[in-house]
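Here are the chains, one letter per residue:
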Amino acid sequence: MTSDSGEDYDPETLFDTSRNNRQQIYNNRELVDTNHVPAADKIVGRKEEIQRLANVVSPLIDGQPTNSVLIYGKTGTGKSLVAKHIMQRLEVEAEQRPTDIGTAYVNCGSANGTTRAVRNIGASLAPEMSSVSFPTRGLSTDEYFERIWEVVNTHYDSVIITVDEVDMLRDDSPLMVLSRAGETGVVDVPISIIGISNKINYRDQMDERTKSSFGHREFVFDPYDAAQLREILEHRREAFQENVLGDAVIPRIAALAAKEHGDARKGVNLLFYLGEHAVEEGYDEITEAMIDDVRELADAERLNSLISGLPSHARLIIVALAALTKGDEGTDQWFRTSDIFDTYEIYCEREGADPLSGERRRQILDELSFLEITEAKTNHGGKNVGTYKEHRLMYDPDVVEHVYDATDPAML
Ligand SMILES: Nc1ncnc2c1ncn2[C@@H]1O[C@H](COP(=O)(O)OP(=O)(O)O)[C@@H](O)[C@H]1O
Ligand SMILES: [Mg+2]
């Protein structure tokens with residue numbers, strides 16, 4: 001077989017991993033995966049939070065009922081990590097005792113809807129050998145709940161369920177149903193919930209009855225400072241082979257993450273992107289200068305995954321807002337709904353797409369601020385102006401350009 005360039009093309013070596021430099025870059029790639037749960041001695045600055053949470057859930061080890069808790073805090077403050085860590089420790093501890101403890105974890109941000117989130121809880125909770133199944137489709141939320149109760153009553157003495165990014169659910173009824181399962185008598189063993197939200201004000205949007213079932217057991221996780229971020233990232237250095245990571249890289253990333261409200265996720269994720277970048281480009285080391293190359297890509301991927309669940313025109317609306325933002329550097333960068341829609345229509349024309357109705361556009365704008373891609377505020381303009389909304393893009397417009405480039409015009 002010949003290739004266009006005339007070079008020899010050998011199918012035998014196409015997938016030969018020893019030919020690329022993955023092994024030269026990575027020692028243990030898992031350490032820069034943001035879902036990885038680090039060992040206890042690698043968890044930085046969360047001793048008190050872990051102890052307080054342990055105090056709340058410890059009765060479960062003896063099959064005794066306990067409270068549910070809510071954890072709040074900004075992205076990357078270790079909420080998911082601490083909850084997973086506590087569940088792991090509970091499991092280990094319960095092994096020493098006659099208690100069978102059931103644990104489940106669901107991330108509502110990636111579960112795509114209430115029914116799917118409930119289904120995933122069931123699938124996570126059911127032991128491998130369970131006769132109760134949780135098919136991915138075809139069942140109602142109620143039916144999944146029925147099956148969850150059956151699993152709980154058949155297999156366990158107590159249960160703990162972490163419902164992560166719970167604000168991504170449109171209604172909090174699953175939280176209420178789960179946290180009140182004991183009271184309502186559908187299960188005969190204690191169930192305790194750890195609800196987690198990235199939104200500090202999530203409590204305000206909760207149903208009163210859900211709130212009351214959680215009582216006032218709330219933890220707020222504070223952002224990390226630069227020193228803590230640096231320590232967190234230093235523990236991930238072993239993801240890479242010795243001498244791969246330049247000395248200035250971690251301090252610089254820690255400083256960037258500190259600026260970003262102390263977001264450890266941002267930091268770990270940048271290390272991940274740096275590693276991938278080095279492999280792709282065939283570099284044998286990672287330098288500070290590469291950070292800027294990957295920052296934009298990392299943000300673009302995050303933005304892309306956020307909008308992947310939205311109608312395709314959401315991309316054009318974001319692109320319109322990005323264009324306004326870019327064209328108006330130096331101003332406060334807030335734009336009125338009508339201005340965004342005017343620009344959106346220009347992009348529709350350019351792409352040969354029919355503009356959506358006013359109602360649907362507005363829905364998309366609401367979604368964008370819900371996902372914190374934009375920020376929205378309502379202005380009361382006074383007697384002759386009336387009330388109007390303004391929006392601000394939370395991403396660099398250059399990041400949006402990547403997303404636009406990735407848009408398939410056929411999808412619009
Ligand atoms: N205290 C910590 N010690 C070590 N790593 C941490 C700590 N807090 C967060 N991380 C790491 O930062 C990333 C984001 O943490 P995560 O728990 O997902 O944050 P949150 O759920 O609050 O958004 C993960 O890779 C996690 O392992
Ligand atoms: Mg989280």
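Scroll up a little and you will see the structure.
Okay, so let's go over this structure. Just so you know, these numbers come straight off a predicted model, no measurement behind them.

The rules we used
- Going along each chain's sequence as written, the residues are numbered from 1 onward.
- Written order decides the labels, with chains lettered from A and ligands numbered from 1.
- Side-chain atom pairs in this predicted model are given and counted only at pLDDT of 80 or more, local residue features only at pLDDT of at least 70, and totals for whole chains, interfaces and linings cover all residues.
- The side-chain numbers reported here are obtained from all heavy atoms of the structure, hydrogens and water having been left aside.
- Paired strands, in this sense, are two strands between which DSSP finds at least two bridges.
- Helix and strand assignments follow DSSP, with helices taken as H or I runs no shorter than four residues and strands as E runs no shorter than two, numbered in order from the N terminus.
- The contact criterion used is simple: two residues touch if any of their non-hydrogen atoms lie within 4.5 Å.
- Here a polar contact is recorded for every N or O atom pair within 3.5 Å, except that within protein the pair must consist of a potential hydrogen donor and a potential acceptor, and residues adjacent in sequence are included only if both atoms are side-chain atoms.
- What counts as a salt bridge is simple: a side-chain nitrogen of Lys or Arg found within 4 Å of a carboxyl oxygen of Asp or Glu.
- Only protein chains enter the accessibility calculation, which uses a 1.4 Å probe; a residue whose area is less than 20% of its type maximum is buried, one above 50% is exposed, and one in between is partly exposed.
- Nonpolar cores were defined as sets of buried Ala, Val, Leu, Ile, Met, Phe, Trp, Tyr and Cys residues, with membership established by side-chain atoms within 4.5 Å.

1. Looking at the sheet that holds strand 8 (residues 387–393)
Within the open sheet, the 3 strands sit side by side as 6-8-7. Their pairing is antiparallel. Edge positions in the sheet fall to strand 6 (335–336) and strand 7 (374–380), since each of these pairs with one other strand and no more. Relative to strand 8, strand 6 is paired through 2 bridges, and the arrangement is antiparallel. Within the sheet, the bridge partner assigned to Arg 336 lies in strand 8 and is Glu 390.

2. Notes on the environment of Thr 337
The topology assignment puts Thr 337 in helix 15 (residues 337–351). In sequence terms Thr 337 and Gly 45 are 292 residues apart; their C-alpha atoms lie 43 Å from each other. Among all residues touching Thr 337, those that are not within four sequence positions of it are Arg 362, Leu 365, Lys 389 and His 391. Within polar-contact distance, the side chain of Thr 337 engages the side chain of His 391 at 3.0 Å.

3. Notes on unusual backbone geometry
Residue Glu 165 is not a glycine yet carries a positive backbone phi of 50°. Among the structural elements, Glu 165 can be located in the loop between strand 3 (158–164) and helix 7 (173–179). Positive phi is not limited to glycine here, since Gln 333 has a value of about 65°.

4. So, the pattern of salt bridges
Between side chains of opposite charge, a pair can form when the charged atoms approach closely. According to the stated counting rule, one finds 21 salt bridges in the structure shown. As a salt-bridge pair, Glu 143 and Arg 147 come within 3.3 Å of each other at their nearest N and O atoms. On the criterion of helical spacing, the pair formed by Glu 143 and Arg 147 is a turn pair, its members being 4 residues apart in helix 6 (residues 141–155). A salt bridge links Glu 260 to Lys 266; the shortest N-O distance between them is 3.9 Å. Owing to a relative accessible area of 36%, Glu 260 belongs among the partly exposed residues under this scheme. Sharing partners across several salt bridges, the network here consists of Arg 252, Glu 288, Asp 292 and Arg 295.

5. Describing the nonpolar core
Counting residues in each nonpolar core, the largest one holds 35 residues, and the members touching the most others are Ile 148, Ile 161, Val 163 and Ile 191. Those elements giving two or more residues to this core turn out to be strand 1 (69–73), strand 2 (101–107), helix 4 (108–111), helix 5 (114–125), helix 6, strand 3, helix 7 and strand 4 (191–197). Here this core takes 6 residues from helix 6, the largest share from any one element. Other than its neighbours up to four places away in sequence, Ile 191 contacts Trp 149, Val 152, Val 159, Ile 161, Leu 178 and Ala 181.

These results come straight from atomic positions and should not be treated as a statement about function.
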